[in-house]
Amino acid sequence: AKHLGRNRICMFKPEMNVLVQQRLQMEQAIRQGLINQEFLVVYQPQANVTTGQLCGLEALVRWQHNQQMIAPDAFISIAEQCGLITELDFYVFASVCRQISHWHAELTDVAIAVNFSALSFMDAQFVVRIHAIMAQYQIRGDQVKIEMTESTLMHDANESLLKMQQLRAVGIHFSIDDFGTGYSSLAYLKRFPFSELKIDRSFINDVCTDPDSAALVRSMISMGHNLGISVIAEGVETAAQLGFLAKAGCDDIQGYFYARPLSVEVCWEKLQHKNTA
Ligand code: C2E
Ligand code: CA
Ligand code: CA
Ligand code: CA
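Rules used throughout
Residues numbered from 1 in each chain as written. Chains lettered and ligands numbered in written order. Predicted model: local features only at pLDDT ≥ 70, side-chain atom pairs only at ≥ 80, totals over all residues. Heavy atoms only, no water. Helix = DSSP H or I, 4+ residues; strand = E, 2+ residues; numbered from the N terminus. Rg over C-alpha atoms; globule rule 2.2 N^0.38 Å. Buried < 20%, exposed > 50% of the residue type's maximum accessible area, 1.4 Å probe, protein only. Contact = heavy atoms within 4.5 Å. Lys, Arg positive; Asp, Glu negative; His and termini not counted. Charge placed at Lys NZ, Arg CZ, Asp CG, Glu CD. Phe/Tyr/Trp six-rings, centres within 6.5 Å; stacked < 30°, edge-to-face > 60°. Lys NZ or Arg CZ within 6 Å of the ring centre and 35° of its normal. pLDDT = per-residue confidence, 0-100. Core = buried A, V, L, I, M, F, W, Y, C linked by side-chain atoms within 4.5 Å. Donors = N, O, S within 2.8 Å, 3.2 Å for Na, K, Ca; no water. Near = heavy atom within 4 Å. Polar contact = N/O pair within 3.5 Å; in protein donor to acceptor, adjacent residues only side chain to side chain. 1 Å grid on protein atoms, 1.4 Å probe; cavity = no way out; pocket = protein on both sides within 12 Å on 5 of 7 lines; lining within 4 Å. Sits in = over half its atoms within 2 Å of the grid points. Nonpolar A, V, L, I, M, F, W, Y, C, P; charged D, E, K, R; others polar.

Turning our attention to the overall build of the protein. Assigned secondary structure in the protein consists of 12 helices and nine strands. Whereas a compact globule of 277 residues would reach a radius of gyration of roughly 19 Å, the protein reaches 20 Å, a difference of no more than 12%. Along the first, second and third principal axes, the C-alpha set of the protein runs to 65 × 45 × 40 Å. Expressed as a percentage of the 277 residues in the protein, the buried residues total 46%. The contacts of the protein with a sequence gap of at least 6 include a subset with a gap of at least 24, amounting to 67%. Computed over 22 positive and 29 negative side-chain charges, the separation of the two mean positions in the protein equals 5 Å.

This is how it looks when you write it as structure tokens:
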């Protein structure tokens, strides 16, 4: 293992070589998938706890590859590692804006939330690219929402704040995703113009069985409200969880109990129903 240069490959075990190979193939497949438009977007409805009305949608990417539908957990982190995530995130954002321009009549008071990786948000052209895509599809700021995790802000707090302010100025709202799983306090996060806090699914999962989770969820809701931030719970699967959240004063919910992520066609029907209900 001392010979570098030509013999460096000998330092790897054969099974590591296979992993590297698979990784490279995956990277190539994602790159090709972007060119072939193999990525599509599904939409998961969000509902107001009090009225039960649909109040938002979250855009979630899917990869239709070799007759299979691949979930993001299988490719997002690889796309991040090989530098393709920004292309992917903006591909999704453009798809969402195109969808909004088709759906605008059905989307009264319903914004569509889009996930952006920290790497995408850190891109120097982030704000410019958002503006360009919105202009292309003639989208207003209040029709979209940006979801990001708190770790996104840690890389460069001042730069992040500036970007958020520029986008808030055109009406775009921001949501803190996976709240409760990171290390930042809400006291720190209040420096940034977030409108919504999204309580991570892991807390909702055992909110009815684990008193610690229940206490944490209650305190996240009241901390959010004290800062004037609306609170949504993700991963709500049961009536009991919804009951708990309603009692705790949570504003909105998202999860299988209300609706699964839906294809464009099914989502469109749901929007029709909302407007005639
Ligand atoms: P996330 O942003 O936390 O999205 C919520 C995830 O929870 C989604 O998984 C959704 O399908 C799932 N989910 C919703 N309701 C329930 C429920 O009641 N129970 C359970 N068990 N799960 C529920 P999905 O679609 O597989 O996405 C996984 C993650 O991939 C997302 O987590 C997000 O971090 C990332 N992701 C998805 N789309 C994009 C994208 O366009 N760009 C980036 N950068 N990341 C994305
Ligand atoms: Ca999200
Ligand atoms: Ca989340
Ligand atoms: Ca999550």
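Having seen the structure, we can now continue with the description.
Turning our attention to the packing of aromatic side chains. Applying the stated criterion to the full structure yields 10 aromatic pairs. Among the aromatic residues, those joined into a cluster by ring pairs are Phe90, Phe93, Phe116, Phe121 and Phe126. Its end group placed over the ring of Phe121, Lys163 keeps NZ or CZ at 5.5 Å from the ring centre. Of note, Lys270 hangs over the ring of Tyr258, and the distance from its end group to the ring centre comes to 4.7 Å.

A few words now on the confidence of the model for the protein. Here the protein averages 93 in pLDDT, while 94% of its residues score no lower than 70. Two summary scores accompany this predicted model of the complex, namely pTM at 0.93 and ipTM at 0.98.

Looking now at the nonpolar core. Of all hydrophobic cores here, the largest spans 79 residues; its most connected members are Ile130 and Leu245. Here the element with the most residues in this core is helix H3 (residues 85–103); it accounts for 11 residues. If near-sequence neighbours (up to four positions away) are discounted, Leu245 is found in contact with Ile204, Val217, Ile221, Ala233, Val236, Cys250 and Ile253.

This part takes up the coordination of the calcium ion (ligand 2). Around the calcium ion (ligand 2), the protein contributes the donor atoms Glu58 (OE), Asn115 (OD1), Glu147 (OE) and Asp177 (OD), which lie 2.1 to 2.3 Å from the metal centre. Distance-wise, the calcium ion (ligand 3) is placed 3.8 Å from the calcium ion (ligand 2), both being coordinated by Asp177. Here the residue Glu58 occupies a position in strand S2 (residues 54–65), and Glu147 occupies one in strand S5 (residues 144–149), the gap between them amounting to 89 residues. Like Glu147, Glu58 is buried.

Another point: the site of ligand 1. Among the 23 residues in the neighbourhood of ligand 1, the closest are listed as Arg62, Asp89, Arg201, Glu237 and Tyr256. Contact between ligand 1 and Val61: a nitrogen atom at 3.2 Å from a main-chain N or O atom of the residue. One of the side-chain N or O atoms of Glu234 is found 3.4 Å from an oxygen atom in ligand 1. Here ligand 1 is seated within the largest pocket. At the level of elements, S2, H3 and strand S6 (173–179) are the ones that each hand at least two residues to the shell around ligand 1. Take the shell around ligand 1: its biggest share by element is four residues, from S2. Residues of the shell around ligand 1, tallied by class, amount to nine nonpolar, five polar and nine charged.

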